[in-house]
Amino acid sequence: MMRDQDRLGRLMTEEQGKPLAEARGEIAYAAGFIEWSAEEAKRIYGETVQAFVANKRILVLRQPIGVAAAITPWNFPAAMITRKVGPALAAGCTVVVKPASQTPLTAIAIGALAMEAGFPAGVLNILPGIATEIAEAWLSDSRVRVLSFTGSTEVGKELMTKAAEHVTRISLELGGHAPFLVFDDADLEAAVAGAVDSKFRNAGQTCVCANRVYVQSGIYDRFAARLTESVEALKVGPGTEPGVKIGALVDDRAMAKVEDHVANALSLGAKIRTGGRRLPQGDGYADRFYAPTVIEDVTPDMKVSFEETFGPVAPLIRFDTEEEAIRLDYGIVGANDGLPSTPQAPFGGMKESGIGREGGKWGVEEYLEVKYVSWGI
Ligand code: NAP
């Protein structure tokens, strides 16, 4: 993957829309899961446990769970695949992946590289197709022992229900609604840079991107002004153009959601500091570019406050005390860090954001079965 980083990055930009530098970065991030998992495969240990009696030994073995199935989204067309495939292969499972319909090409390119690398036939299978039919076939087949899904909470819930038929293990990475907190004593420039990285990467189409930006009163005016300046400086355009930071949204549905969220906020009293409209860019691009946006005077009744926007819109919310800001449960916390995801750390959410963790040794556990052997001697 790293040998072909440029080719894969370009392919991803062309099919998904993110800027080329981000796409190349994703290839490196995606390859990191393969490298980490290959190393971790050597450390899948069993254990022996002290028995209460002298004539027994307690052995705990770890074995591959069996055939692993994966369903992945379009927003990270390479990394969401390798984050599942790497650990599954490390555990000793064969894998079949259904990529998102918007981004099958990056998935197929990864499959072709696996063939070139000499994977035995059938170990890694890429299967684009009709999502509901594929999921139905997998979950009604007792040979599929684990289904790892990344996508919307709605579909995740549906799959969880269907997994009951054969008690298929299920791992879910679902929607997020992450807050970004800025306290009065923050380093202003670092906070602005972190907010831009977290909010505007992939044009805001990231499950862990900041969906709400809470700013303490003492720094609010300065932060809002600097953030607005930085956001206005983000170059919008086709991802293949040099210097572009905000590419096209993935499809018309994504555009409609962003427009709906902004219109809803404005109708309930929010104000635009910058952006707030789609950009006409000429043939082929006209409908898919949304200006990077900052809105303020945001209140809890607005959709941006309780639904994932999945677009380049930063809603600012003022708060006064630390206690008000930290009453939240989150699977990942980036303290002074707008981009905490990395192959060696556990990635995952709490409550309706999912079940299980991907990355590091925790990711491999999802594909292992524990077998206990009581050995009489
Ligand atoms: P989605 O509609 O749930 O689609 C994701 C995947 O599920 C696609 O491969 C899709 O196939 C498939 N799918 C759709 N309906 C299905 C069904 N009824 N049964 C089985 N599979 C089905 O999600 P999306 O809206 O495209 O993706 C964005 C969502 O993913 C956001 O909510 C985002 O937060 C979440 N996400 C989460 C993470 C994470 O790590 N937690 C990472 C990235 C994205 P088709 O494309 O063929 O319809």
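A brief report on the enclosed structure follows. (Residues numbered from 1 in each chain as written. Predicted model: local features only at pLDDT ≥ 70, side-chain atom pairs only at ≥ 80, totals over all residues. Heavy atoms only, no water.)

### Topic: the nonpolar core
For soluble globular proteins, nonpolar side chains are generally found buried alongside one another.
Step number 1: The biggest cluster of nonpolar side chains holds 49 residues, and the ones touching the most others in it are Phe223, Leu227 and Leu316.
Step number 2: When contributions to this core are tallied by element, the ones reaching two or more residues are strand E8 (178-182), helix H7 (188-200), strand E9 (210-216), helix H8 (217-232), helix H9 (252-267), strand E11 (293-296) and strand E12 (313-319).
Step number 3: Non-local contacts of Leu316, meaning those with residues more than four positions away in its chain, are made with Val213, Tyr220, Phe223, Ala224, Leu227, Arg273, Val294, Ile295, Glu296, Asp297 and Val298. (Core = buried A, V, L, I, M, F, W, Y, C linked by side-chain atoms within 4.5 Å. Buried < 20%, exposed > 50% of the residue type's maximum accessible area, 1.4 Å probe, protein only. Helix = DSSP H or I, 4+ residues; strand = E, 2+ residues; numbered from the N terminus. Contact = heavy atoms within 4.5 Å.)

### Describing unusual backbone geometry
Step number 1: The phi torsion at Val167 lies on the positive side, around 45°, for a residue other than glycine.
Step number 2: Assignment of secondary structure puts Val167 in the loop between helix H6 (153-162) and strand E7 (169-173).
Step number 3: For Lys351, which is not glycine, the phi torsion reads 50° and is therefore positive.
Step number 4: Looking at Lys351, the relative accessible area reads 66%, which means it is exposed.

### Remarks on the packing of aromatic side chains
Step number 1: Scanning the model with the defined rule gives three aromatic pairs in all.
Step number 2: Arranged with centres 5.0 Å apart and planes meeting at 75°, the rings of Tyr29 and Phe33 form a pair that is edge-to-face. Remark: Phe33 and Tyr29 occur in helix H2 (residues 20-40); sequence separation between them is four residues, near one turn of the helix. Like Phe33, Tyr29 is buried.
Step number 3: Where Trp74 meets Phe310, the ring centres are 5.8 Å apart and the plane angle is 90°; that geometry is what we call edge-to-face. (Phe/Tyr/Trp six-rings, centres within 6.5 Å; stacked < 30°, edge-to-face > 60°.)

### Points about a negative patch on the surface
Step number 1: Together, Asp184, Asp185, Asp320, Glu322, Glu323 and Glu324 make up a negatively charged patch on the protein surface.
Step number 2: Following the sequence through the fold, Asp320 ends up in the loop between E12 and helix H11 (322-325). (Patch = residues over 30% accessible without salt bridge, like charges linked within 9 Å, V, L, I, M, F, W, Y side chains within 5 Å. Areas by Shrake-Rupley, 256 points an atom, 1.4 Å probe, with all protein chains shown as cover. Salt bridge = Lys/Arg side-chain N within 4 Å of Asp/Glu carboxyl O. Lys, Arg positive; Asp, Glu negative; His and termini not counted. Charge placed at Lys NZ, Arg CZ, Asp CG, Glu CD.)

### What about the environment of Arg3?
Step number 1: Following the sequence through the fold, Arg3 ends up in the segment before helix H1 (5-16).
Step number 2: Here Arg3 falls in the exposed class, since its relative accessible area comes to 59%.
Step number 3: In the structure, Arg3 is positioned 10 residues away from Thr13 in sequence and 17 Å away in space, judged by C-alpha atoms.
Step number 4: Ignoring any residue separated from it by four or fewer positions in sequence, one finds Arg3 in contact with Leu113 and Glu116.
Step number 5: There is a polar contact of 2.7 Å between the side chain of Arg3 and the side chain of Glu116. (Polar contact = N/O pair within 3.5 Å; in protein donor to acceptor, adjacent residues only side chain to side chain.)

### Remarks on the site of the ligand
Step number 1: Lining the immediate surroundings of the ligand are 30 residues, of which Thr72, Trp74, Ser101, Ser152 and Glu308 lie closest.
Step number 2: Separating an oxygen atom of the ligand from a side-chain N or O atom of Trp74 is a distance of 2.7 Å.
Step number 3: Contacts to the ligand include Glu308, whose side-chain N or O atom sits 2.4 Å from an oxygen atom.
Step number 4: Alone, the ligand offers 910 Å² of accessible surface; in the complex the protein occludes 87% of this.
Step number 5: Among the secondary structure elements, those contributing two or more residues to the shell around the ligand are helix H3 (79-91), helix H5 (131-139), strand E6 (144-150) and H6.
Step number 6: Residues lining the shell around the ligand come from more than one domain, with at least three contributed by each of domain 1 (5-175 + 342-376) and domain 2 (179-325). (Near = heavy atom within 4 Å. Domains from an automatic or database assignment.)

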